[in-house]
Amino acid sequence: MSKSFVELNDVKLRYSEGDELALETTNMKIDKGEFIAVVGPSGCGKSSLLKLVSGLMPPSEGNVIVDGKEVSGPLKIVGMAFQNPTLLPWRTTLDNVLLPMEIVKPHRNRLRKHRAEYEESARKLLATVGLEGHEDKYPWELSGGMQQRASLCRSLIHEPDLLMLDEPFGALDAFTREELWDILQNLWMIKPFTVILVTHDLREAAYLADTIYVMSKRPGKILVERENTLPRPRDQETTFTQPFTDLVHELRSHIRDVREA
Amino acid sequence: MKKKLNLRKATPWLSAIGLFVLWELIVRIFNIPPYVLPTPSESIIVGWQFHEAIWMHAYHTLYTTLAGFAIAVVFGVVLGALVGSSRAIYDAANPLLVGFNSVPKVALVPVLVMWFGIGTVPAIITAFLISFFPIVVNVATGLATLEPELRDVLRSLGATRRDILIKVGFPRAMPYFFASLKVAITLAFVGSVISETVASNVGVGYLMLSASSKFNMPLVFAGLLVIAVMGIAMYEIFNVIERRSTKWANRGNPTN
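What counts and how
- Residues numbered from 1 in each chain as written.
- Chains lettered and ligands numbered in written order.
- Predicted model: local features only at pLDDT ≥ 70, side-chain atom pairs only at ≥ 80, totals over all residues.
- Heavy atoms only, no water.
- Contact = heavy atoms within 4.5 Å.
- Buried area = accessible area lost by both parts, 1.4 Å probe.
- Salt bridge = Lys/Arg side-chain N within 4 Å of Asp/Glu carboxyl O.
- Helix = DSSP H or I, 4+ residues; strand = E, 2+ residues; numbered from the N terminus.
- Nonpolar A, V, L, I, M, F, W, Y, C, P; charged D, E, K, R; others polar.
- Patch = residues over 30% accessible without salt bridge, like charges linked within 9 Å, V, L, I, M, F, W, Y side chains within 5 Å.
- Areas by Shrake-Rupley, 256 points an atom, 1.4 Å probe, with all protein chains shown as cover.
- Buried < 20%, exposed > 50% of the residue type's maximum accessible area, 1.4 Å probe, protein only.
- Phe/Tyr/Trp six-rings, centres within 6.5 Å; stacked < 30°, edge-to-face > 60°.
- Lys NZ or Arg CZ within 6 Å of the ring centre and 35° of its normal.
- Pairing = 2+ DSSP bridges.
- Axes fitted to C-alpha atoms, helices over the stretch in contact; angles between N-to-C directions.
- Core = buried A, V, L, I, M, F, W, Y, C linked by side-chain atoms within 4.5 Å.
- UniProt positions renumbered as here; feature names shortened; annotations may be inferred.

A. Structural context of the interface of chain A and chain B. On the chain B side, the residues contacting the 24 residues of chain A number 17 residues. Regarding the contact of chain A and chain B, the summed buried area is about 2,000 Å², with carbon and sulfur atoms giving 70% of it. Counting across the chain A and chain B interface gives 3 salt bridges. A salt bridge links R108 of chain A to D163 of chain B, with the shortest nitrogen-to-oxygen separation between them at 2.9 Å. The element contributing the most residues to the side of chain A that touches chain B is strand β6 (residues 78–82) of chain A, with 3 residues. Taken together, the residues of the side of chain A that touches chain B break down into 15 nonpolar, 3 polar and 6 charged.

B. Main features of a nonpolar patch on the surface. All names here are of chain B. A cluster of nonpolar residues, W13, I17, V21, L22, L25, I26, I29 and F30, forms a patch on the protein surface that exposes about 890 Å² of accessible area. Along the chain, the position of I26 falls in helix α1 (residues 2–29). The class for I26 is partly exposed, based on a relative accessible area of 36%.

C. Highlighting the packing of aromatic side chains. Inspection of the entire model under this criterion finds 12 aromatic pairs over all chains. Look at Y138 of chain A and W140 of chain A: their rings are 5.1 Å apart centre to centre, the planes differ by 20°, and that puts the pair in the stacked class. Judged by centre distance (6.4 Å) and plane angle (85°), the ring pair of W115 of chain B and F116 of chain B falls under edge-to-face. We classify W115 of chain B as exposed; its relative accessible area is 63%. By relative accessible area, which is 45% here, F116 of chain B ends up partly exposed. Put simply, the rings of F75, F100, F128 and F132 of chain B pair up and form one aromatic cluster. Between K105 of chain B and the ring centre of F100 of chain B, over which it is positioned, the NZ or CZ distance is 5.1 Å.

D. Quick look at the sheet that holds strand β1 (residues 6–13) of chain A. Residue and element names in this part refer to chain A. What the 4 strands build is an open sheet, ordered β2-β1-β4-β5; its pairing is antiparallel. Strands with a single pairing partner mark the edges of an open sheet, and in this sheet they are β2 (23–30) and β5 (69–70). Direction of pairing for β1 relative to strand β4 (residues 61–66): antiparallel, over a ladder of 5 bridges. Directly across from E7, in β4, lies its bridge partner I65. Helix α1 (residues 46–53) contacts β1, β2 and β4 of the sheet and is inclined by roughly 120° relative to β1.

E. Focus on the nonpolar core. Among the nonpolar cores identified, the biggest contains 52 residues, and F35, L165, L184 and L208 of chain A are the most heavily contacted of them. Apart from the residues lying within four places of it in its own chain, the contact partners of F35 of chain A are L184, W188, V195, L197, L208, A209, D210, T211 and R232 of chain A. Counting 46 residues, the second-largest nonpolar core is a separate cluster that includes V27, L129, A173 and V204 of chain B.

F. Region of the structure containing the UniProt feature "transmembrane region" (unreviewed entry) in chain B. All names here are of chain B. Under the local residue numbering, the UniProt record ascribes the feature "transmembrane region" (unreviewed entry) to residues 12–30, 62–84, 96–118, 124–146, 176–195 and 215–238. Overall, residues 176–195 shows 100% helix and 0% strand. The separation of its end C-alpha atoms is 28 Å. Each end of residues 215–238 is marked by a C-alpha atom, and these two atoms are 36 Å apart; helix forms 92% of the span and strand 0%.

Structure representation (structure tokens):
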């Protein structure tokens with residue numbers, strides 16, 4: 001057996017019996033601590049891929065293996081963040097970030113007794129994304145970018161082995177988005193976790209990922225697997241270098257082929 | 001700013017007084033006989049003359065209404081939680097609920113009288129039957145409209161259905177629940193008064209029926225005013241509770 005952390009073996013997906021395939025035979029191998037990005041035209045089944053890996057949706061054929069075990073139901077310790085921050089409006093930012101701790105074992109049984117300790121770590125995490133001083137505000141008192149930071153914290157507070165990001169920065173302005181790329185990269189470099197990032201922003205994929213998968217339009221299929229060896233940490237300067245723009249151009253031409261095919 | 005706020009507070013009183021003045025004027029100008037439409041001043045004076053009887057009947061109606069309403073809240077929340085958290089139960093229960101809600105409750109009073117006799121019990125049950133529906137619908141809606149992304153976030157953390165219901169479902173359904181209480185309490189008054197009118201010897205409904213049989217229209221209208229006042233008071237109480245407990249849902253609208 002290989003030592004991949006996440007493996008998709010000949011996975012096919014149709015939403016219901018008799019439907020046409022949403023995802024054509026897909027094979028993927030993701031190492032532990034690897035940061036991968038999936039790009040492709042909209043409606044190509046990128047988000048379904050996340051649901052398959054996190055066990056929210058079973059594959060119609062083939063199997064998904066995470067950490068050596070076949071996935072048969074929702075994994076219990078995945079962090080997730082979406083384009084919509086989905087914070088709970090009746091909770092303060094701090095309490096929103098602590099939500100996973102009320103659910104994930106063993107934290108849920110320890111939380112009440114060790115509340116201060118957990119709050120401390122949540123505050124620390126919020127500080128690293130620049131939300132210091134906003135812990136006791138409610139989500140609607142925060143800007144979109146700040147909400148997305150909090151959502152990112154919520155997906156990371158329980159130190160998940162696997163982080164699923166579904167276009168998390170898609171609704172943000174360009175400056176905020178690139179700031180959050182750096183924040184995410186920093187968090188990931190301090191303590192690597194396995195990330196699957198779904199995005200349609202090619203620069204985002206080139207900035208963040210170790211490996212970039214290009215998917216075809218429906219039925220989704222992985223057409224290209226592209227290593228990204230740009231040195232880390234990547235920063236604003238990196239985005240103006242030749243290798244970076246070459247990479248983005250290359251990805252762009254793949255997408256163009258996909259759309260015309 | 002302060003002046004504006006005071007004016008806002010005074011508006012409902014002004015509109016109520018305006019309505020009474022208009023009513024008084026119309027009756028006097030067109031010389032409408034009191035057995036058709038009494039003036040509000042007459043109704044209030046007669047109401048005061050009979051205030052002891054009205055107080056007793058009103059107290060009884062209030063008690064009946066609140067009892068029926070309390071049952072409706074418990075029943076409505078439980079049924080709403082079931083309907084809102086399971087697609088299958090929703091499909092099974094929805095047509096029955098809609099059908100039942102379409103039945104005029106006044107038609108059920110004779111049936112209730114057959115079962116429970118005349119008096120308080122059918123009035124409580126009528127108040128309950130007429131007021132639980134909006135609670136069920138709103139609680140169910142609040143629970144069922146959970147964002148799928150949020151559900152995914154929680155499920156991939158290992159949350160059980162119960163976790164999702166407690167952490168997200170119920171808090172999210174609170175504004176819907178409180179909104180339904182305001183509707184339900186006023187409907188409960190309708191239910192209890194209907195039943196008292198048809199089959200009781202106590203309560204404001206009975207008082208009005210017996211007054212109208214004696215052509216004492218001012219007393220009938222005094223009864224109506226008492227019900228209206230009780231309805232407004234109850235509505236306001238739940239309005240305040242709603243605003244206090246679900247501030248987050250009324251954000252950016254502090255004066256509401």
